[in-house]
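# Residue-level structural notes
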Protein chains: 2
Amino acid sequence: MSGRETGRQPKYQRIAAELRAAVEAGRYGPGDRLPGENDLMAEHGVARMTARQALGVLQAEGIAEARKGAGVFVRDFRPIRRRGIERLARARWAEGRSIWSTDIGDRELVVDSVEVTEESAPAAVAAVLGLGEDTNVCARRRRFVLDGKPVLLSTSYLPAGLVAGTAITRPETGPGGTYARLAELGHGPVRFREEVRSRMPGVEEAERLALSAGVPVVLIARTAFDAEGRAVEVNEMVLDSSAYVLEYDFEA
Amino acid sequence: MSGRETGRQPKYQRIAAELRAAVEAGRYGPGDRLPGENDLMAEHGVARMTARQALGVLQAEGIAEARKGAGVFVRDFRPIRRRGIERLARARWAEGRSIWSTDIGDRELVVDSVEVTEESAPAAVAAVLGLGEDTNVCARRRRFVLDGKPVLLSTSYLPAGLVAGTAITRPETGPGGTYARLAELGHGPVRFREEVRSRMPGVEEAERLALSAGVPVVLIARTAFDAEGRAVEVNEMVLDSSAYVLEYDFEA
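Thresholds applied
- All chains use their own residue numbering, which begins from 1 and follows the written sequence.
- Here chains are named by letter from A upward and ligands by number from 1 upward, in the order in which they appear as written.
- Two thresholds apply to this predicted model, a pLDDT of at least 70 for residue-level local features and 80 or more for giving and counting side-chain atom pairs, whereas whole-chain, interface and lining totals are computed over all residues.
- Values shown for side chains rest on all heavy atoms present in the structure; no hydrogens or waters enter the calculation.
- The helix and strand labels rest on DSSP assignments: H or I over at least four residues marks a helix, E over at least two residues marks a strand, and numbering proceeds from the N terminus.
- Note on exposure labels: buried denotes an accessible area under 20% of the residue type's maximum, exposed denotes more than 50%, and partly exposed covers the range between, all computed with a 1.4 Å probe on protein chains only.
- Only heavy atoms enter the contact rule, under which two residues are in contact if any of them lie within 4.5 Å.
- The Shrake-Rupley method, run with a 1.4 Å probe, gives the accessible areas here. Residue values count only the displayed protein chains as cover.
- Note on pairing: two strands pair once DSSP finds at least 2 bridges between them.
- Lines fitted to C-alpha atoms define the axes here, with helix axes fitted over just the stretch in contact, and angles between the N-to-C directions of these axes take values from 0 to 180 degrees.
- Angle categories are assigned with fixed cut-offs, so that under 35 degrees is roughly parallel, over 145 is roughly antiparallel, 65 to 115 is roughly perpendicular, and the rest are oblique.
- By convention the crossing between two helices is left-handed if the near helix lies anticlockwise of the far one by an angle smaller than a right angle, and right-handed if it lies clockwise.
- Put simply, two rings from Phe, Tyr or Trp (the six-membered ring, in Trp's case) pair if the centres are within 6.5 Å, and we call them stacked under 30 degrees between planes, edge-to-face over 60, tilted for the rest.
- Placement of a positive charge over a ring is assigned whenever Lys NZ or Arg CZ falls within 6 Å of the ring centre and within 35 degrees of the normal to the ring plane.
- The quantity called pLDDT is the predictor's confidence in a given residue, expressed from 0 to 100.
- Within this document, salt bridges are pairs made up of a side-chain nitrogen of Lys or Arg and a carboxyl oxygen of Asp or Glu, the two lying within 4 Å of each other.

Let us look at the overall build of chain A. The number of helices and strands found in chain A is eight helices and 10 strands. For chain A, with 252 residues in total, the buried portion stands at 52%. Put simply, of all contacts in chain A between residues at least 6 apart along the chain, 60% involve residues at least 24 apart. Carbon and sulfur atoms make up 48% of the accessible area of chain A, which totals about 11000 Å².

Below is the structure:
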């Protein structure tokens, strides 16, 4: 975009655009220190406030982050490639493999907390699952951590009546996980819908994902349908947007 | 999430959580005015700064927006449902209920600017298209507007040698658009890859999409492959995240 900037921009925006272009061109890589306020003041002949604003723009965009007393650094963006479609192929979970294991090379996505409760369904979830308003769901709340950093909050809702007495109601769902258990019940998923949005995190989300300032979350609502077209699971996911690239491959 | 809040939260966060829950429950609808600072001070017995912080949280999350001199209002979120697969597919899925209600209805997505240039390919695009570094591409830059609000910036890159002399190099590509022209060249797309990310917008993106503060952008990089598996187009899209729900439907 830098070639499309105009001369009418404020100076700090022009400096920010230059720094952004340098990061995009790879002249500053992940973890590299960007020029400091003094460097920018000398190089561009600007006041300290202008230099600070320029660095502030890159931080607000999530490209860089300030480390106290050390300067401003290019954020280390090593995203996880999450393949929405290939990932869920029946062959995979039927073999008992984890949904996530193919996505991340040798880095390991780990569940660091699981909480299973029976509770009344949120209205939007009840509507999708075709449940009455006072019907209970089994809610499985998990947090996933990569390289020690939380990256994903997942809340899976299933009709309580459907999954009662199965391992789905326990923290450990057994080989193949929830989908293998649903298949044993005759309700194995054959079709999925993923709805994707993005917004800034709420306070609790920012805390639980240890998000830096200026990093949005990606929301995925995944609905699993069985062979009869019944929605058997809604999984609401909240992702650290700086940690993920979602990929969907499909035919025309 | 409000049921999971704890008593250790700062007061402004508890007030923000209450307001957020009220919005989610529909007690304040899109465009409604939220309680003002004076209302919150009286109702919760807090200082003006605490009330202001609480309203600030909702603005930072993109749930509400301040209108000068008038107060803080629930943002009018009427997102567009963009069906990544169905949209491009020959067959349609059966209808079903969705988690996030959307409203395309009779609103029309309009292109309000088209700019076609021949230029050297950005490095990442050249790599995907399998072009050498100094090879030219045809770049089609479009902005899409909905109800007078810009919602999408799209830059489509195609190998200049492939599309030379066709309507793809002109602002008006003719019936069926770029893909119909590619098909006439024997390179009609048969497979697509969409890669999805999110981040805060750059200054120019925020201006061109007229984004409110605290609204991230969703990035989609779509690659179109022809029957021989050759990448024939890369389309880099920048979406107003508050305007879109992306949907992907697929079989297990």
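Another point: the sheet that holds strand 9 (residues 231-240) of chain B. Strand order in the open sheet made by the eight strands is 3(A)-10(A)-7(B)-8(B)-9(B)-6(B)-5(B)-4(B), with mixed pairing throughout. A strand with exactly one partner marks an edge of an open sheet, and here the two such strands are strand 3 (80-83) of chain A together with strand 4 (109-120) of chain B. This sheet shows a mean twist of 20° between the axes of neighbouring strands, independent of strand direction. Across 11 bridges, the pairing between strand 4 of chain B and strand 5 (residues 136-146) of chain B is antiparallel. Each bridged residue has a counterpart across the sheet, and for Ser 113 of chain B the counterpart in strand 5 of chain B is Arg 143 of chain B.

For the rest of this paragraph, the subject is the sheet that holds strand 3 (residues 80-83) of chain B. Remark on secondary structure: sheet strands pair via backbone hydrogen bonds, oriented parallel or antiparallel. Here we have eight strands laid out as an open sheet, ordered 4(A)-5(A)-6(A)-9(A)-8(A)-7(A)-10(B)-3(B), and mixed in their pairing. Strand pairing shows two members of the sheet lacking a second neighbour, strand 4 (109-120) of chain A together with strand 3 of chain B, which therefore form its edges. When strand polarity is set aside, the average angle formed by the axes of neighbouring strands in this sheet is 20°.

Between two packed helices, both the angle of their axes relative to each other and the distance between the axes serve to describe the pair. All names here are of chain A. Closest axis-to-axis distance for the helix 1 (residues 11-24)/helix 3 (residues 48-60) pair is 8 Å, and the angle between their directions is 50°. Compared by their axis directions, helix 1 and helix 3 come out oblique. Seen from above, helix 1 lies across helix 3 with right-handed handedness. Contacts from Lys 11, Tyr 12, Ile 15, Ala 16, Leu 19 and Arg 20 in helix 1 reach Thr 50, Gln 53, Ala 54, Leu 55, Val 57 and Leu 58 in helix 3.

This structure, assessed with the given rule, holds six aromatic pairs over all chains. Taking 5.6 Å as the distance between ring centres and 50° as the angle between the ring planes, the aromatic pair formed by Tyr 179 of chain A and Phe 192 of chain A counts as tilted. Of this pair, Tyr 179 of chain A sits in helix 7 (residues 177-184) while Phe 192 of chain A sits in strand 7 (residues 191-199), placing them 13 residues apart in sequence. Side by side, Tyr 179 of chain A and Phe 192 of chain A carry an identical accessibility label, which is buried. What links up through ring pairs into an aromatic cluster is the set Tyr 179, Phe 192 and Tyr 248 of chain A together with Tyr 248 and Phe 250 of chain B. Arg 191 of chain A extends its terminal NZ or CZ atom over the ring of Phe 225 of chain A, reaching a point 4.2 Å from the ring centre.

Residues and elements named next belong to chain A. Located in the positive-phi region is Ala 210, a residue other than glycine, with phi close to 50°. One can find Ala 210 in the loop between helix 8 (203-208) and strand 8 (217-225). Relative accessible area serves as the criterion here: at 44%, Ala 210 is assigned to the partly exposed category.

Bringing the confidence of the model for chain A into the picture now. Residue and element names in this part refer to chain A. Model confidence for chain A is summarised by a mean pLDDT of 84, while 87% of its residues fall at 70 or above. Note that residues 1-7 has pLDDT below 50 and, in this model, 13 contacts with residues that lie over four places away or in other chains. Here residues 92-103 scores under 50 on pLDDT; set against residues more than four positions off or in separate chains, the count is 28 contacts. For this predicted complex, the interface score ipTM comes out at 0.76, while the overall pTM is 0.76.

Here the focus is the pattern of salt bridges. Counted by the stated rule, this structure contains 25 salt bridges over all chains. In this structure, Glu 247 of chain B engages Arg 193 of chain A in a salt bridge whose closest nitrogen and oxygen atoms are separated by 3.2 Å. With Glu 247 of chain B in strand 10 (residues 244-251) and Arg 193 of chain A in strand 7, this residue pair bridges two chains. Two residues, Arg 67 of chain B and Glu 65 of chain B, come together in a salt bridge whose shortest N-O distance is 3.9 Å. For Glu 65 of chain B, a relative accessible area of 22% puts it in the partly exposed group. The network of salt bridges with shared partners includes Glu 37, Arg 48 and Arg 52 of chain A.

All right, on to the environment of Thr 155 of chain B then. Residue and element names in this part refer to chain B. With respect to the helices and strands, Thr 155 occurs in strand 6 (residues 149-159). Counting along the chain gives 83 residues from Thr 155 to Val 238, while the straight-line C-alpha distance between them is 8.8 Å. Other than its neighbours up to four places away in sequence, Thr 155 contacts Arg 140, Arg 141, Val 234, Asn 235 and Glu 236.

Let's shift gears to the pairing of strand 8 (residues 217-225) of chain B. Residue and element names in this part refer to chain B. In terms of burial, strand 8 is a largely internal element, eight of the nine residues being buried. Bridging between strand 7 (residues 191-199) and strand 8 involves nine bridges; their strand directions are antiparallel. Along strand 8, the bridge assignment pairs Val 196 with Ile 220. Bridge count for strand 8 against strand 9 is nine bridges, and the pairing is antiparallel. Bridge assignment links Leu 219 to a residue of strand 9, and that residue is Val 238. The turn linking strand 8 back onto strand 9 is made up of five residues, and Gly 229 within it adopts a positive phi angle of 85°.

In this section: the environment of Arg 230 of chain A. All names here are of chain A. As for its position among the elements, Arg 230 is in the loop between strand 8 and strand 9 (231-240). Given the relative accessible area of 34%, Arg 230 is considered partly exposed. A sequence separation of 102 residues divides Arg 230 from Val 128, and the C-alpha atoms of the two residues are 9.5 Å apart. Excluding residues that lie within four positions of it along the chain, Arg 230 makes contacts with Pro 159, Leu 162, His 187, Ala 224 and Phe 225.

Quick look at the side chain of Ser 156 of chain A now. Residue and element names in this part refer to chain A. You can see Ser 156 is positioned in strand 6 (residues 149-159). Of the residues examined, Ser 156 reaches a relative accessible area of 1% and is grouped as buried. Setting aside residues no more than four positions away along its own chain, Ser 156 makes contact with Cys 138, Ala 139, Arg 140, Glu 233, Val 234 and Asn 235.

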